[in-house]
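Residue-level structural notes
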Amino acid sequence: MMADWSAKNPYMSKITECYILNGEGSRKETRHIVFDLGKSGLDYKVGDALGVVAENPANTVEELISVAGWDGNHIVTTHKGESKLRDALRKDVEIHRVNKKFVQSLNEKVTSSELRISVKLIDRTRESTTSFSSGDSALLQELMPSNPSDDPVGRIENMISNGEAMEDYIWSRDYIDVIREFDVTYTPEEFLELVDRLKPRLYSIASSHDAHPGFVELTVAIVRYSHHGRDRGGLCTIYMADEVKVKKTNVGVFMSPTKSFVLPEDKSIDIIMVGPGTGIAPFRAFMEQRVIDGGSGRNWLFFGDQSEKTEFYYKDEIESWLDEGHLYRFTTAWSRDQEEKIYVQHRLKEHGKEVWEWFERGAYFYICGDKTYMAKDVHKALIEIAIEHGNMSEEAATIFIEKTMMKEQKRYLRDVY
Ligand SMILES: Cc1cc2nc3c(=O)[nH]c(=O)nc-3n(C[C@H](O)[C@H](O)[C@H](O)COP(=O)(O)OP(=O)(O)OC[C@H]3O[C@@H](n4cnc5c(N)ncnc54)[C@H](O)[C@@H]3O)c2cc1C
Ligand SMILES: NC(=O)c1ccc[n+]([C@@H]2O[C@H](COP(=O)([O-])OP(=O)(O)OC[C@H]3O[C@@H](n4cnc5c(N)ncnc54)[C@H](OP(=O)(O)O)[C@@H]3O)[C@@H](O)[C@H]2O)c1
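This section reports on the structure supplied with the text.

**Some remarks on the overall build of the protein chain**
On a plain count of helices and strands, the protein chain comes out with 16 helices and 15 strands. Per-residue burial for the protein chain yields a buried fraction of 49% across its 417 residues. Once local pairs closer than 6 in sequence are excluded, the contacts in the protein chain between residues at least 24 apart make up 74%. In the structure as shown, the protein chain presents an accessible area of about 21300 Å², 49% of it carried by carbon and sulfur atoms.

Put into structure tokens, the structure is as follows:
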């Protein structure tokens, strides 16, 4: 029975394993993460994704409370209900990157803080026994922003009117940076009104439930970077890698089933899987399932990443699938093991004749991983293969790949992000 778990009502699971797949010296941190489904009744099929509900790190929350001058125990109301401010900042909103709405709100706030300075100047002049003159540099220095050469109002106006400047500004900053930089005051209520609701993240499932009953496994690239003197990174990946205590912390999860990214029902059909980087995740699951199902369809996996030495994820499993004949073909593209870049689409084209023969015999074609560059380039390579090996015009090849295979026959399937 599939229980009624969802993004709004996630099952509180525990992570039982969270280890780095990369070898020493890698530039990347890609982890294999296992969740225990316990008595949830949650089920999944290969091709589905898992939703993970992250929380903001406690130390970031406390730093934000301190920089903003709030009381963490103050009771607030968000879309999730009433709670202490501290808890709302952890669980209800995204605080790891500043949003545009907040930067836009500075326009009014910075004017108000200048007004505050004027009011303070007037107050101090009234209190003072000697009258205040504009030459009172000590007083001005005390009250003015630390870097008077900055024109905060002008900078904010520029960001509001110039999309690129805005993107550039928000790319590397969180709310702590901005509140510090502009020395602005927000009430917790004003703040919560402006920031984004915390969104779950989806991950392609890297396991077959039949092979790992009661567990769900992921392949996750951890997003880490450093800006303005502070280490930071992605909300959910940093949460899973750094914040969650294995076998201790409760982590909210739910299933996100796919209708289209599925194995062919007929187990005698061949499949070609292209999954560089974390794109390998669903194909580990597909392979586990195809081994259990025991059909006669052949499996060809294209995998690649920066270096064979450090990014050959699931090497032992892949080698044993090859040894046992479950994986008919395994083609690699190690992009940085030689001077020129070698990517999966280059390998596909090198093997174009055979890929075309597989297509002619009805093979399914799957891609998973980067949507922005890789999936587009692989798509182009498929059209080029149809031109060269299917003797088609560019137009006919495009129609064959995009209409016949993708839309009509539904055997060109993508899980790209
Ligand atoms: C259907 C689906 C399946 C997916 N499957 C997988 C999977 O199997 N494995 C996997 O790892 N991911 C997968 N993803 C991506 C995943 O959902 C998350 O988007 C990813 O893990 C990042 O989440 P995060 O919360 O850690 O980062 P976020 O907080 O969302 O931040 C990510 C953003 O940080 C920004 N960023 C990156 N580098 C920098 C930098 N140097 N400076 C400033 N900003 C930067 C980028 O804008 C990036 O988009 C999938 C996504 C979808 C939609
Ligand atoms: N749309 C997205 O937001 C998105 C999608 C995927 C990954 N990412 C982020 O990227 C980071 C790592 O992701 P990942 O580990 O899955 O791997 P990845 O960065 O996608 O890299 C995997 C392999 O693909 C290669 N590659 C780069 N450009 C390519 C192209 N145009 N065509 C084909 N291959 C190409 C890479 O080579 P080189 O590195 O040598 O160039 C590498 O060998 C993570 O931080 C992840 O969150 C973001």
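**Concerning the site of ligand 1**
Inspection of the region around ligand 1 gives 21 residues, with His96, Arg201, Leu202, Tyr203 and Thr237 positioned closest. Residue His96 places a side-chain N or O atom 2.5 Å away from an oxygen atom belonging to ligand 1. Here Leu235 contributes a backbone N or O atom positioned 2.9 Å from an oxygen atom of ligand 1. Burial of ligand 1 by the protein chains amounts to 73% of its free accessible area of 980 Å². Contributing elements (two or more residues each) for the shell around ligand 1: strand S6 (201-204), strand S7 (215-221), strand S8 (224-227) and helix H9 (235-243). Ranked by the residues each element gives to the shell around ligand 1, the list is headed by S6, at 4 residues. Taken together, the residues of the shell around ligand 1 break down into 11 nonpolar, 7 polar and 3 charged.

**A few points about the packing of aromatic side chains**
Counting across every chain of the model gives 25 aromatic pairs. An aromatic cluster of at least three residues, connected via ring pairs, comprises Trp70, Phe102, Tyr175, Tyr186 and Phe191. The ring of Tyr186 carries the charged tip of Lys109 above its face, separated from the ring centre by 4.7 Å. In this structure, Arg298 packs its charged tip against the face of Tyr328, placed 4.8 Å from the ring centre.

**Quick notes on the pairing of strand S12 (residues 299-305)**
Note on strand geometry: in a regular strand, side chains alternate between the two faces of the sheet. With respect to burial, S12 is a largely interior element, 7 of its 7 residues being buried. In the sheet, strand S11 (residues 271-274) pairs with S12 via 4 bridges, with the strands oriented parallel. The residue of S12 that forms the bridge with Val274 is Phe302. Between the parallel elements S11 and S12, the chain passes through helix H10 (residues 281-293) in a crossover that is right-handed. Relative to strand S13 (residues 329-334), S12 runs parallel, the two being bridged by 6 bridges. Bridging from a neighbouring strand, Phe302 pairs with Thr331 of S13.

**Regarding the pattern of salt bridges**
Considering all chains together, one arrives at 29 salt bridges under this definition. Here Glu190 makes a salt bridge to Lys109, at a shortest N to O gap of 2.9 Å. Placement of Glu190 in helix H8 (residues 188-194) and of Lys109 in helix H3 (residues 100-127) is noted, with a sequence separation of 81 residues between them. The shortest N-O distance in the salt bridge between Asp270 and Arg298 comes to 2.8 Å. With a gap of 28 residues between them, Asp270 in the loop between strand S10 (251-256) and S11 and Arg298 in the loop between H10 and S12 connect regions that are remote in the sequence. Considered together, Asp270 and Arg298 belong to a single accessibility category, that of buried residues.

**Description of the environment of Leu413**
Examined against the element boundaries, Leu413 turns out to sit in strand S15 (residues 412-416). For the pair Leu413 and Ile367, spaced 46 residues apart in sequence, the C-alpha to C-alpha distance is 6.5 Å. With near-sequence residues (within four places) excluded, Leu413 lies in contact with Ser260, Phe261, Val262, Tyr364, Phe365, Tyr366 and Ile367.

**Quick notes on the site of ligand 2**
Looking at ligand 2, there are 18 residues lining it, with Thr278, Ser335, Arg336, Lys341 and Tyr343 nearest. Within the side chain of Arg336, one N or O atom sits 2.7 Å away from an oxygen atom of ligand 2. Interatomic distance of 2.7 Å between a side-chain N/O atom of Lys341 and an oxygen atom of ligand 2. Here ligand 2 has 880 Å² of accessible area as a free molecule, and 72% of this is covered by the chains. Considered class by class, the residues forming the shell around ligand 2 number 6 nonpolar, 6 polar and 6 charged.

**Focus on the sheet that holds S12**
The strands making up a sheet associate through backbone hydrogen bonding, with each pair oriented either parallel or antiparallel. Across the sheet, 5 strands lie side by side as S13-S12-S11-S14-S15; this open sheet has parallel pairing. Of all strands in the sheet, those with a lone pairing partner are S13 and S15, marking the two edges. Ignoring strand direction, the axes of neighbouring strands in this sheet form an average angle of 10 degrees. Each of S11, strand S14 (364-369) and S15 touches helix H15 (residues 374-389); the most contacted strand, S14, lies at about 155 degrees to it.

**With respect to H15**
Spanning 16 residues, H15 covers 22 Å between terminal C-alpha atoms, matching the ideal 22 Å at 1.5 Å per step. Taken as a whole, H15 has its buried residues at Met374, Ala375, Val378, His379, Ala381, Leu382, Ile383, Ile385 and Ala386. Buried residues along H15 sit against S11, helix H13 (344-350), helix H14 (352-360), S14, helix H16 (394-408) and S15. Once H15 ends, the next one or two residues include Asn391, with phi positive near 50 degrees.

**Side note on the side chain of Glu311**
Mapped onto the elements of the fold, Glu311 is located in helix H11 (residues 308-311). Arg27 provides the closest opposite charge to the buried, salt-bridge-free Glu311, at an N-O distance of 6.0 Å. Side-chain polar atoms of Glu311 contact the side chain of Asn22, separated by 3.2 Å. Among the polar contacts made by the side chain of Glu311, one reaches the side chain of Ser26 at a distance of 2.4 Å. Setting aside anything within four residues of it in sequence, one finds Glu311 in contact with Asn22, Ser26, Lys28, Phe303, Asp305, Gln306 and Trp334.

Reading the values: rules and limits
Residues numbered from 1 in each chain as written. Chains lettered and ligands numbered in written order. Predicted model: local features only at pLDDT ≥ 70, side-chain atom pairs only at ≥ 80, totals over all residues. Heavy atoms only, no water. Helix = DSSP H or I, 4+ residues; strand = E, 2+ residues; numbered from the N terminus. Buried < 20%, exposed > 50% of the residue type's maximum accessible area, 1.4 Å probe, protein only. Contact = heavy atoms within 4.5 Å. Areas by Shrake-Rupley, 256 points an atom, 1.4 Å probe, with all protein chains shown as cover. Near = heavy atom within 4 Å. Polar contact = N/O pair within 3.5 Å; in protein donor to acceptor, adjacent residues only side chain to side chain. Nonpolar A, V, L, I, M, F, W, Y, C, P; charged D, E, K, R; others polar. Phe/Tyr/Trp six-rings, centres within 6.5 Å; stacked < 30°, edge-to-face > 60°. Lys NZ or Arg CZ within 6 Å of the ring centre and 35° of its normal. Pairing = 2+ DSSP bridges. Right-handed = clockwise from strand over helix to strand, strands pointing away. Salt bridge = Lys/Arg side-chain N within 4 Å of Asp/Glu carboxyl O. Axes fitted to C-alpha atoms, helices over the stretch in contact; angles between N-to-C directions. Expected span 1.5 Å × (residues − 1). Lys, Arg positive; Asp, Glu negative; His and termini not counted.

What is shown is where atoms sit, not what they do.
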